[in-house]
Amino acid sequence: MRNTFLKKLDDLVKKVSDMGNTVDSVILDTINVIKTLDSNKASEIIESDSIINRMEHEIERDCLNIIALQQPIAGDLRNVTGCLKIITDIERIADHCTDICEILLSSKLSKESACINQVINIMENVYSMFKSVLIAFISKNVDDSVSICKLDDKIDLLFSDILLNICGVISKDSSEVMPEVDLIFIAKYAERIADHCTNIAEWIIYMETNQHPELN
Amino acid sequence: MSFKVDIQNLNLYYGDFHALKDINIKIRKNSVTAFIGPSGCGKSTCLKSINRMNDLVPNCKIKGKILIDNQNIYDSRTNLNLLRKRAGMVFQRPNPFPMSIYDNIAYGPRIHKIKNKKILDEIVEKSLRSVYLWDEVKDRLNKSALGISGGQQQRLCIARALAVEPQIILMDEPTSALDPLSTIKIEDLVEMLKVNYTVIIVTHNMQQAARISDTTAFFLSGNIVEYANTSKIFNNPTDKRTEDYITGRFG
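Residues numbered from 1 in each chain as written. Chains lettered and ligands numbered in written order. Predicted model: local features only at pLDDT ≥ 70, side-chain atom pairs only at ≥ 80, totals over all residues. Heavy atoms only, no water.

Engineer: I'm lost on the interface of chain B and chain A in this one. Help?
Structural biologist: The figure often quoted for interface size is the accessible area lost as the parts come together. If you look at the interface, chain B gives 13 residues, while chain A gives 13 residues. Summed over both sides, the interface between chain B and chain A buries roughly 1,000 Å², with carbon and sulfur atoms accounting for 46% of that surface. If you look at where chain B meets chain A, you find one salt bridge. Measuring nitrogen to oxygen at the nearest pair gives 2.8 Å for the salt bridge that ties Asp76(A) to Arg249(B). Of the residues contributing to the side of chain B that touches chain A, the split by class is five nonpolar, six polar and two charged. (Contact = heavy atoms within 4.5 Å. Buried area = accessible area lost by both parts, 1.4 Å probe. Salt bridge = Lys/Arg side-chain N within 4 Å of Asp/Glu carboxyl O. Nonpolar A, V, L, I, M, F, W, Y, C, P; charged D, E, K, R; others polar.)

Engineer: When you look at the packing of helix 3 (residues 101–111) of chain B against helix 6 (residues 150–162) of chain B in this model, what are you seeing that I'm missing?
Structural biologist: Any two packed helices are characterised by how steeply their axes cross, that is the angle between the axes, and by the distance between the axes. All names here are of chain B. Between helix 3 and helix 6, the least distance of the axes is 7 Å, while the angle of their chain directions is 30 degrees. On the basis of their axis angle, the class for helix 3 and helix 6 is roughly parallel. The crossing of helix 3 and helix 6 is right-handed. Side by side, helix 3 and helix 6 meet where Ile101, Asn104 and Ile105 of the first sit next to Leu156, Ala159 and Arg160 of the second. (Axes fitted to C-alpha atoms, helices over the stretch in contact; angles between N-to-C directions. Helix = DSSP H or I, 4+ residues; strand = E, 2+ residues; numbered from the N terminus. Parallel < 35°, antiparallel > 145°, perpendicular 65-115°, else oblique. Left-handed = near helix turned anticlockwise from the far one by under 90°.)

Engineer: Help me understand the packing of aromatic side chains in this model?
Structural biologist: To describe a pair of aromatic rings, one takes the distance between the centres and the angle between the planes. In total, this model carries four aromatic pairs over all chains according to the counting rule given. Aromatic pair Trp203(A) and Tyr206(A): ring centres 5.5 Å apart, planes at 90 degrees, arrangement edge-to-face. Here Tyr206(A) and Trp203(A) lie together in helix 6 (residues 177–209), a separation of three residues that amounts to about one turn. Pair check on accessibility: Trp203(A) and Tyr206(A) agree, each one buried. For the pair Phe35(B) and Phe219(B), a centre-to-centre distance of 4.9 Å together with 55 degrees between the ring planes defines the contact as tilted. With Phe35(B) in strand 3 (residues 32–36) and Phe219(B) in strand 9 (residues 215–220), this pair connects stretches of sequence that are 184 residues apart. An identical accessibility class is assigned to Phe35(B) and Phe219(B); each is buried. The ring of Phe159(A) is capped by Lys188(A), whose NZ or CZ atom sits 5.0 Å from the centre of that ring. The ring of Tyr13(B) is capped by Lys61(B), whose NZ or CZ atom sits 5.0 Å from the centre of that ring. (Phe/Tyr/Trp six-rings, centres within 6.5 Å; stacked < 30°, edge-to-face > 60°. Buried < 20%, exposed > 50% of the residue type's maximum accessible area, 1.4 Å probe, protein only. Lys NZ or Arg CZ within 6 Å of the ring centre and 35° of its normal.)

Engineer: Honestly, the state of the cysteines in this entry has me stumped. Any pointers?
Structural biologist: Cysteine pairs can be linked by a disulfide, which is a covalent bond between their two sulfur atoms. Per the stated rule, a full pass over the model turns up zero disulfides over all chains. Cys101(A) forms no disulfide, and the closest cysteine sulfur to it belongs to Cys97(A), at a distance of 6.9 Å. (Disulfide = S-S within 2.5 Å.)

Engineer: I tried to follow the nonpolar core on my own but got confused; where do I start?
Structural biologist: A general tendency of soluble globular proteins is for nonpolar side chains to be buried together. All names here are of chain A. Ile27, Ile86, Phe130 and Ile186 are the most contacted members of the largest nonpolar core, which totals 66 residues. Elements with a minimum of two residues in this core: helix 1 (3–36), helix 2 (39–70), helix 3 (74–106), helix 4 (116–139), helix 5 (142–172) and helix 6. Those residues in contact with isoleucine 27 that lie beyond four places of it in its chain are Ile93, Cys97, Met123, Tyr127 and Phe130. (Core = buried A, V, L, I, M, F, W, Y, C linked by side-chain atoms within 4.5 Å.)

Engineer: How should I be thinking about the sheet that holds strand 7 (residues 168–172) of chain B in this particular structure?
Structural biologist: In a beta sheet, neighbouring strands pair by backbone hydrogen bonds and run either parallel or antiparallel. Residue and element names in this part refer to chain B. If you walk across this open sheet you meet the six strands as 6-7-8-3-9-10, and the pairing is mixed. Both outer strands of the open sheet, strand 6 (87–90) and strand 10 (223–229), are each paired with one neighbouring strand and no more. The mean inter-strand angle of the sheet, taken between neighbouring strand axes irrespective of direction, is 15 degrees. Across the sheet, helix 6 touches strand 6 and strand 7, and the angle it forms with strand 6 is around 170 degrees. Along the sheet face, helix 7 (residues 180–193) touches strand 3, strand 7 and strand 8 (198–202) and points at about 155 degrees away from the line of strand 7. (Pairing = 2+ DSSP bridges.)

Below, the structure is given as structure tokens:
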């Protein structure tokens, strides 16, 4: 039994899960910033991105060490490869939260801006998707991963609705165009986060089945 | 598809011990097949059955068939010398004969009645070139084979097997006693050999099986648990026991 190796694999999954939990908080905080327009909190989220980057680099190094020193094969190799790919998606999700906060810092959005509730709604849907994919990763659940991929269609529809509504608002009143454009960008980042969640779900399926379906 | 070796319902007993149980396996011509599995699983026994080396073991009883080119080698009319000429064997430890490098290679052909010096010279050179040893030993062909390095001795043993123009090369852990560089040379050689020969190799080195073989058979307690393309075995084996073994979760 390769106990040391198995412990390294367990540690790897735990680190990815810890990184996921950290980003989970970042998404939740970002949603709160959209709701409260709290610029201090937005700055904190931007600053915390370096922590996520460090976590990603540490896990990357662990993966490469396991590959170089332990030569994993079969399911073990898929697990290490999957973790290596998943952390890239998790890190990008944190980047998008930072992007959203940067927009909020310079934006003239107000709590009364048209469609802001729709944007909060898409973010909350995306947050729920991320939470589910994190649980699917920990529980190695293929069925849940397939279901999560299907949620991406709903997010795409929500984004289309937001786009349509904001275009309507702008066409009626062109005096406050920029805040509405900012909302389009935020909604687009939310839609991209959902794409990354789908990618993670696809990697979970690969890790468990050796199949890498295109479900997005 | 052309099968060189076809093992059918092979059961082998050492006295009361049932060492191979209903082995069925078809091995493609010009391919490298790896037999893997824990110690005592039957992989070497199966390998040795292919040129009837087990006949030499007291109380060994064999049932079933092994077809080479559709002929059952366990047929009573089989000429064992010719069989072992067709299916040459390389062992775990290099075992050159205590004679010159030249005589080691010429030994087999001489047994098969080749006496002409010019023909023997050609066979020796061709065989040594086949294992990339010619340039290293051509100036000391008449020196003792025991004086060259372990890696060179193992390549010499392969050359000795090739000298009688076999069709199948059976290798029983051929690199387990060699250093990494000599191991790489043997592995490269195996890749080249399959162009002209059918190679079956027993190895404890999983990475080696993954690197050099086309198909892999996983043996456990005298059974073949799984036999498939090496890529399949090492990426996504069907049987959990195979995955447990290759990933080190066994035992």
